[in-house]
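The primary structure of each chain is shown beneath.
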Amino acid sequence: LQLGEAVIVEAPPSALHQKLQQLFVEHRRQKQAAEAETGFLQRLVAALTFDSFLQPGLAGVRSTQMLDLRQLVYSTEVADVALNVRRERALGNHTIAGQLLPTSDLDPATVSVQLLQNDREARITLADDLGEFIFMELPAGEYQLILSADQLELLLPPFILGVQE
């Protein structure tokens, strides 16, 4: 810390500073133009960062309702995806309510959400302005979500509904 405080770093000459700024701006424009021309698609695989079924149970809690709700959170560098999976006991099916939580300039209202079952499209919907979406009346089985925007695709790893009942 003392050495850092002792070092005096002078500002570069004004002409050099302006030239460097101009080079950075030109580089950014060229990169954006190249991505637009090639139709660059960024595909990110989300990592599971929270699963309520993997959390230790609360001592003394005796509720079957806890088994009917599962919370999952997936993360990427551009957004997190939170899922609430609820089992409807009377009907024997499931509901997935999710929310896309951008950590970048991604607009949630431009995102479509595709639900796959056994590698085939089961449902598709759009996220609203808050990034929320819902899929209802889903039978037990293995599912996967793909969230897509203009040049971005977020893949969530497959998960199973109806195993821990």
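So, here's what we can say about the structure. Since the structure is predicted, the reported quantities are computational estimates derived from the model, not experimental observations.

Bringing the sheet that holds strand S4 (residues 79–88) into the picture now. Taken in spatial order, the five strands line up as S2-S3-S4-S5-S8 in an open sheet, and their pairing is antiparallel. Every interior strand has two partners, whereas the edge strands, strand S2 (47–51) and strand S8 (132–138), have only one. If you compare each strand with its neighbour and ignore which way they point, the axes differ by 20° on average. Across ten bridges, the pairing between S4 and strand S5 (residues 93–102) is antiparallel. Bridge assignment links Leu83 to a residue of S5, and that residue is Gly98.

A cluster of acidic residues, Asp107, Asp128, Asp129 and Glu132, forms a negative patch on the protein surface. With respect to the secondary-structure elements, Asp128 resides in the loop between strand S7 (120–126) and S8.

So, on to the pattern of salt bridges. Counting across every chain of the model gives three salt bridges. One salt bridge connects Arg43 with Glu153, and the closest N-O pair in it is separated by 2.6 Å. Note that Arg43 is positioned in strand S1 (residues 42–45) and Glu153 in strand S10 (residues 152–155), a separation of 110 residues in sequence. We classify Arg43 as exposed; its relative accessible area is 52%. Given a relative accessible area of 15%, Glu153 falls into the buried group.

Glancing now at the pairing of S4. Every second residue of S4 is oriented toward a common face, the buried set being Ala79, Val81, Leu83, Val85 and Arg87 and the non-buried set Asp80, Ala82, Asn84, Arg86 and Glu88. Where strand S3 (residues 69–75) meets S4, seven bridges bridge the pair, whose relative direction is antiparallel. Each residue of the ladder has a partner; that of Val73, found in S4, is Ala82. Counted along the chain from S3 to the antiparallel partner S4, the turn is three residues long. Adjacent in sequence and paired antiparallel, S4 and S5 are bridged by four residues, among which Gly92 carries a positive phi angle near 75°.

Conventions used here
Residues numbered from 1 in each chain as written. Predicted model: local features only at pLDDT ≥ 70, side-chain atom pairs only at ≥ 80, totals over all residues. Heavy atoms only, no water. Pairing = 2+ DSSP bridges. Helix = DSSP H or I, 4+ residues; strand = E, 2+ residues; numbered from the N terminus. Axes fitted to C-alpha atoms, helices over the stretch in contact; angles between N-to-C directions. Patch = residues over 30% accessible without salt bridge, like charges linked within 9 Å, V, L, I, M, F, W, Y side chains within 5 Å. Areas by Shrake-Rupley, 256 points an atom, 1.4 Å probe, with all protein chains shown as cover. Salt bridge = Lys/Arg side-chain N within 4 Å of Asp/Glu carboxyl O. Lys, Arg positive; Asp, Glu negative; His and termini not counted. Charge placed at Lys NZ, Arg CZ, Asp CG, Glu CD. Buried < 20%, exposed > 50% of the residue type's maximum accessible area, 1.4 Å probe, protein only.

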